[in-house]
Amino acid sequence: MLRSLFQDVHVQSLMLAERSCVYNMLINLMETREAELKGLGADFVFGFVQSMDGERDPRNLLLAFQIAKNIIHRGYDLGKFTEELFEVTSCYFPIDFSPPPNDPHGITKEELIEALRAVLTGTPKFAEFLLPLIIEKLDSDIQSAKLDSLQTLTACVSQYEHKDLAEFLEGLWTSLRREVFQTSSERIESAGLTALTALTSCLSRSVLNSDSEDSLSTFLDLVLKDCKHHLCEPDLKLVWPSAKLLQAACSGSNRASHIVTAAVMPSLIEQYSSRTQCSHRRTLLEVVLRFIQSVKTSQSSENVEESVFLAFRQSLCSMVFSALSETNSSLQITATSMLTPLAQQTGLLLASDIELAVDHLNRILLTEEDDRVSLAVVESAGTLAELYPEAFITQLIPRLKKEMFSEPMDQDNNREASEEHSHHAVRQRCLSALAAVSTQPSVVRESTPVLLEVLSSAHTGSVGFSVEEVVLACRSLQRIAEQVQDTEETGRCFHELIIPRLLSLALQAALQSEGSSSRRSPLVEEVVLSAMVPVISTSCSMLQPMLAGQTASRAVSLFLNGDVSFLPDNSFPSHIQLLKKQQGDSWSQSQMVCLLMGCVCSLPRSVEVPQMDQLLSQLEEMSCTCSHPLSYTSAAKCFAGLVNKRPQGDSLDSLIQRTMKRVCRELDSASSPVRTQAFTLMIWVAKALLLRYHPLSTALTDKLFSLLDDADLGAMAADGFSLLMSDSADVLNRGCHADVRIMYRQRFFSENSAKLVQGFNAAPKEKKPNYLKALSNIVNKLPKQVQITELPALLSLLLEALSCPDQGVQLSTLSCLEPVLIDPPSALIQQLEALVGRLLALISSPAMSVKIASLRCIHALSRFPAHEILPFRARVLRALARPLDDKKRLVRSEAVQARGEWFLLGSPGGR
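Residues numbered from 1 in each chain as written. Predicted model: local features only at pLDDT ≥ 70, side-chain atom pairs only at ≥ 80, totals over all residues. Heavy atoms only, no water.

Colleague: Would you take a moment to explain the overall build of the protein for this structure?
Modeller: Each helix and strand in the protein was counted, giving 46 helices and zero strands. The C-alpha extent of the protein, read off along each of the three principal axes, is 100 × 75 × 65 Å. Counting only contacts in the protein whose residues sit at least 6 apart along the sequence, the fraction spanning at least 24 positions is 74%. Taken as a whole, the protein presents about 39,700 Å² of accessible surface, with 51% of it coming from carbon and sulfur. Side-chain charges in the protein split into 85 positive and 104 negative, and the spacing between the mean points of these groups amounts to 6 Å. (Helix = DSSP H or I, 4+ residues; strand = E, 2+ residues; numbered from the N terminus. Contact = heavy atoms within 4.5 Å. Areas by Shrake-Rupley, 256 points an atom, 1.4 Å probe, with all protein chains shown as cover. Lys, Arg positive; Asp, Glu negative; His and termini not counted. Charge placed at Lys NZ, Arg CZ, Asp CG, Glu CD.)

What follows is the structure, encoded as structure tokens:
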């Protein structure tokens, strides 16, 4: 059958479908009759070559490339037709194909490139033909051809041996060097360096005999000859491409890195010590840093233990430490970033070097005011502390502690403010550094007591810490909770030490503020308590089940029963009732409920919270009666967080119905003094139920809709929709193990958008803005794809929203409209008159963000069908003249782009 096909049929004279039939027939035979095909020997290859020669259709080329790939990869006999098979396929290299617009076949240029590359790089037998072709194509001016050639070279050398490359090494090196030295694109430079690494790696695989030439040494001699001397010219621009080429060669193999580093390191070290200009020294240091990083790559791939830099250990250390001693910030930053790769290679830093490094980091941290330097130091300290925790425990933490607890020296009045500011900046850096180095349990045990002592000293006033510094200490504790591994040891540290200490300090501060003391502790400030919450919730969310259960039990017994037995510094009165209404509504104790929320609302759902019914009852009471905003809001959030995780059933349903009854009673009474509190509880419970698709959530959200008409609560109800649709940071999120179902926003929108439209149409004029704000808050939080499909139905409301005086409503409505205008539905085109009028009015808005958003929408309108928008051209151009003179550059820029597109409408060269 095949002989008949190959002899009697001239495949390329057939129509496209028949040619496709031939290729599919060959593919099927290769799958089912491989032994017989291989029995034909090289005749089969010759027949296929004749059939494919001259094929032009991309669909058929994909099939032909698949056959050629099978011939090569499955071991068919190529015989004397190796060159013919290469010629018939390589004539398409590099692929230059652009699919037509709306191509129904969906064939991409990338598909063809990959298919052809698999053929060309599939056998070392093609090396003698492919490598000259690649060298030739690298001379091309077409960027895509260069890129394809470099990527093909990288792919083929992974299949080749050194003998396949030997005669082409010089030509390949010349081409690669040119692409990096004279690069016009980052992608091509990167592909050239990758190809060089692959080439070096291939040559490194050669086994040396006594009589054979060492291809790797020969090749690296070429590289060194052309690049090494440029490293001695740190003020000229060729230093970087030369360094990159040498580093790419280094990454190829451990043997290559030995050869290159032995050749270049002595020169770089000598240069560094002889140069005096900081810019030169920084360049040389950066070059050395890149060498260390590239050698690390080759070592880790070959599991080599001993570093190639061992011979230069002392010189490298003195380079780094001398740079750290400089006052030049760029030099310090480079030296700081060099410490990590040095520390990661075995034997390059001795114990004494680590001590010296920590000393330098300490000194810079305490004295350097450049933010970039201190950021680099904190980052470096974090990675080094993971490798050498002991040095940081003994050296860094005590020094930072001493510095933080020292008071700024009294100066004369003129200098006092700047001294104060400088001391605050040092404390800020110390707090960041303490968090950064705390990744190992041993370091956490030493660093966290220092941070807790900051809170304690601020509370007692023994050391003057500002509220901002106390908040930063809490943030550092939170960062430690986020980054420490979830081990029993660190979990126990938070459970036994940190959480009890935070609760104890907050309670002491609350009791003290109610006493006769004239000084108010910073720990009663809302901003400090709010910073404590994520420390507790982050650590509780990661606790092992047993510790989590104990923490829940302790927290509940403290807040419900006044059990202070587990708290340190236990000198509290015995009658504490934190969830009961205090005499005179003492907010300093009641606001501590936010810490209870942190403890119990972030626990895994499997952990049982004790005394649940009593706890929920007290939280409901507090949220409906307390007058302090942080107290009643935190109580409502805590109640909602617990309700969200409660198992489905009658018990939960009756609890929700009881709460709804109480909330509605307060909301329906216009004279009730606690309407805001009741509303806050309702909105958080509605969110808790909405997230888990509980059927009773509808009753609560319906109540929310009805409040849009309320004289006092209407605006708050409109904002409430934003809370329903947003992710909450401290409760009711997946990090806190809340029950959050996917696509709850889309579901809420589809169930309630009609209610919103009906309510808007029925509302009196003065209440309509509340509905528009609610709509804007809901739609703005939907995924863009959902917005595009749903907005046509809400178009009249959105157009109304553009006329709403509230700038927040205007902005969120514009951001909803913009993606829809790119592919406008017919409903939008019918409303063009109203849309253009409202958008042009917003160009004069006092808010810059509204101006920019409206100009973007007007720009998008220019892409509508020309016959629909031409009648508006003159009017739009007149209106767009004004923002061209706006005092804000961003507004002018948007106006220029939009006006340019509208000018081109209807012109012969335009659309």
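Text resumes after the structure shown.
Colleague: What's the story with the side chain of Ser-204 in this structure? I'm lost.
Modeller: Considering the arrangement of structural elements, one finds Ser-204 in helix H12 (residues 186–204). For Ser-204, a relative accessible area of 17% puts it in the buried group. In terms of polar contacts, Ser-204 uses its side chain to reach the backbone carbonyl oxygen of Thr-200, at 2.7 Å. Separated by 2.7 Å, the side chains of Ser-204 and Ser-253 make a polar contact. The contact partners of Ser-204, leaving out residues within four places of it in the chain, are Leu-216, Ser-253, Arg-255 and Ala-256. (Buried < 20%, exposed > 50% of the residue type's maximum accessible area, 1.4 Å probe, protein only. Polar contact = N/O pair within 3.5 Å; in protein donor to acceptor, adjacent residues only side chain to side chain.)

Colleague: Is there a simple way to think about the environment of Leu-817 in this case?
Modeller: Following the sequence through the fold, Leu-817 ends up in helix H40 (residues 807–822). Looking at Leu-817, the relative accessible area reads 1%, which means it is buried. Each C-alpha atom, one on Leu-817 and one on Ile-576, is 55 Å from the other, the two residues being 241 residues apart in sequence. Apart from the residues lying within four places of it in its own chain, the contact partners of Leu-817 are Leu-795, Leu-802, Leu-835 and Cys-857.

Colleague: What is the right way to read helix H11 (residues 169–181) from this model?
Modeller: An α-helix turns once every 3.6 residues. As a result, residues three or four positions apart point the same way. Under the 1.5 Å per step criterion, the end-to-end length of H11 is 18 Å for 13 residues, consistent within 8% with the ideal 18 Å. Elements that come into contact with the buried residues of H11 comprise helix H8 (127–137), helix H9 (143–157), helix H10 (162–165), H12, helix H13 (215–227) and helix H14 (239–250). (Expected span 1.5 Å × (residues − 1).)

Colleague: What should I look at first to understand helix H18 (residues 329–344) in this one?
Modeller: Helix length check: H18, at 16 residues, gives a terminal C-alpha distance of 24 Å against a target of 22 Å (1.5 Å per residue), a fit within 8%. For H18, the complete set of buried residues consists of Ser-329, Leu-331, Gln-332, Thr-334, Ala-335, Thr-336, Met-338, Leu-339, Thr-340, Pro-341, Leu-342 and Ala-343. At the N-terminal boundary of H18, the capping side chain belongs to Asn-328, with an oxygen 3.1 Å from the backbone nitrogen of Ser-330.

Colleague: Would you take a moment to explain the environment of Phe-748 for this structure?
Modeller: Along the chain, the position of Phe-748 falls in helix H36 (residues 744–762). In this structure the C-alpha to C-alpha distance between Phe-748 and Thr-698, which are 50 residues apart in sequence, comes to 9.2 Å. Each residue touching Phe-748, except ones within four places of it in the same chain, is listed here: Leu-690, Thr-701, Phe-705, Phe-721, Leu-724, Met-725 and Ile-778.

Colleague: What is the right way to look at the pattern of salt bridges in this model?
Modeller: If charged atoms from side chains of opposite charge come close, those side chains can pair. Scanning all chains against the criterion turns up 39 salt bridges. Its salt-bridge partner being Glu-326, residue Arg-281 comes within 2.8 Å of it at the nearest N-O pair. With Arg-281 in helix H16 (residues 278–302) and Glu-326 in the loop between helix H17 (313–325) and H18, the pair connects residues that are 45 residues apart, well separated along the chain. Here Glu-326 falls in the partly exposed class, since its relative accessible area comes to 22%. Two residues, Glu-496 and Arg-492, come together in a salt bridge whose shortest N-O distance is 2.9 Å. Of this pair, Glu-496 and Arg-492 both sit in helix H25 (residues 488–514), four residues apart, roughly one helical turn. Accessibility expressed as a relative area gives 45% for Glu-496, which makes it partly exposed. Among the residues examined, Arg-492 registers a relative accessible area of 28% and is labelled partly exposed. Residues joined by salt bridges that share partners form a network here, namely Glu-31, Glu-34, Lys-38 and Arg-74. (Salt bridge = Lys/Arg side-chain N within 4 Å of Asp/Glu carboxyl O.)

Colleague: Teacher, can you tell me more about unusual backbone geometry here?
Modeller: Trans peptide bonds make up the majority, and among non-glycine residues the majority have a negative phi. Along the chain, Phe-93 connects to Pro-94 via a cis peptide bond; the corresponding omega equals -5 degrees. At His-737, a position not held by glycine, the phi torsion is positive, near 65 degrees. With respect to the helices and strands, the residue His-737 is situated in the loop between helix H35 (714–725) and H36. Owing to a relative accessible area of 25%, His-737 belongs among the partly exposed residues under this scheme. At Met-743, a position not held by glycine, the phi torsion is positive, near 60 degrees. Tracing the sequence through the fold places Met-743 in the loop between H35 and H36.

Colleague: Could you clarify how one ought to interpret the packing of helix H6 (residues 82–90) against helix H7 (residues 109–120) in this entry?
Modeller: For any two helices packed against each other, the geometry is given by the interaxial angle and the distance between the axes. Packing of H6 against H7 brings their axes to within 10 Å, and their N-to-C directions diverge by 165 degrees. Classified by the angle between their axes, H6 and H7 sit roughly antiparallel to one another. Seen along the crossing, H6 lies across H7 with a hand that is left-handed. Counting all contacts with H6, which are made through Phe-86, Thr-89 and Ser-90, the residues of H7 involved are Leu-116, Val-119 and Leu-120. Residue composition of the contact of H6 with H7, by class: four nonpolar, two polar and no charged. (Axes fitted to C-alpha atoms, helices over the stretch in contact; angles between N-to-C directions. Parallel < 35°, antiparallel > 145°, perpendicular 65-115°, else oblique. Left-handed = near helix turned anticlockwise from the far one by under 90°. Nonpolar A, V, L, I, M, F, W, Y, C, P; charged D, E, K, R; others polar.)

Colleague: Any chance you could explain a negative patch on the surface here in plain terms?
Modeller: A grouping of Glu-83, Glu-84, Glu-87, Glu-128 and Glu-167 is seen on the molecular surface, where their side chains present a negatively charged patch. In terms of residue count, the dominant contributor to the negative patch is H6 (three residues). Assessed through its relative accessible area of 42%, Glu-87 is described here as partly exposed. (Patch = residues over 30% accessible without salt bridge, like charges linked within 9 Å, V, L, I, M, F, W, Y side chains within 5 Å.)

Colleague: Would you mind going over the packing of aromatic side chains with me for this structure?
Modeller: What characterises a pair of aromatic rings is the spacing of the ring centres plus the angle enclosed by the ring planes. A complete count under the given rule lists ten aromatic pairs for this structure. An aromatic cluster is built from Phe-6, Phe-44 and Tyr-76, whose rings are joined through pairwise contacts. Note that Arg-281 overlies the ring of Tyr-272, its terminal NZ or CZ placed 4.3 Å from the centroid. Positioned above the aromatic ring of Phe-760 is the side chain of Lys-768, whose terminal nitrogen or guanidinium carbon lies 4.2 Å from the ring centre. (Phe/Tyr/Trp six-rings, centres within 6.5 Å; stacked < 30°, edge-to-face > 60°. Lys NZ or Arg CZ within 6 Å of the ring centre and 35° of its normal.)

Colleague: In this structure, what is going on with the environment of Gln-897? I would like to understand it.
Modeller: Tracing the backbone shows Gln-897 in helix H46 (residues 889–904). Measuring from C-alpha to C-alpha, the distance between Gln-897 and Ala-793 comes to 30 Å, with 104 residues separating the pair along the chain.

Colleague: Looking at this structure, how should I read the side chain of Ser-447?
Modeller: The topology assignment puts Ser-447 in helix H23 (residues 441–460). Excluding its chain neighbours within four sequence positions, the residues that come into contact with Ser-447 are Ile-397, Leu-434, Ser-438 and Ile-480.

Colleague: Just to check I follow, could you spell out the state of the cysteines for this structure?
Modeller: Here a disulfide denotes a covalent bond joining the sulfur atom of one cysteine to the sulfur atom of another. Enumeration according to the criterion identifies zero disulfides in this entry. Cys-156 takes part in no disulfide bond, and the closest cysteine sulfur, belonging to Cys-202, lies 8.5 Å away. Here Cys-594 stays free of any disulfide, with the sulfur of Cys-638 as its closest cysteine sulfur at 9.8 Å. (Disulfide = S-S within 2.5 Å.)

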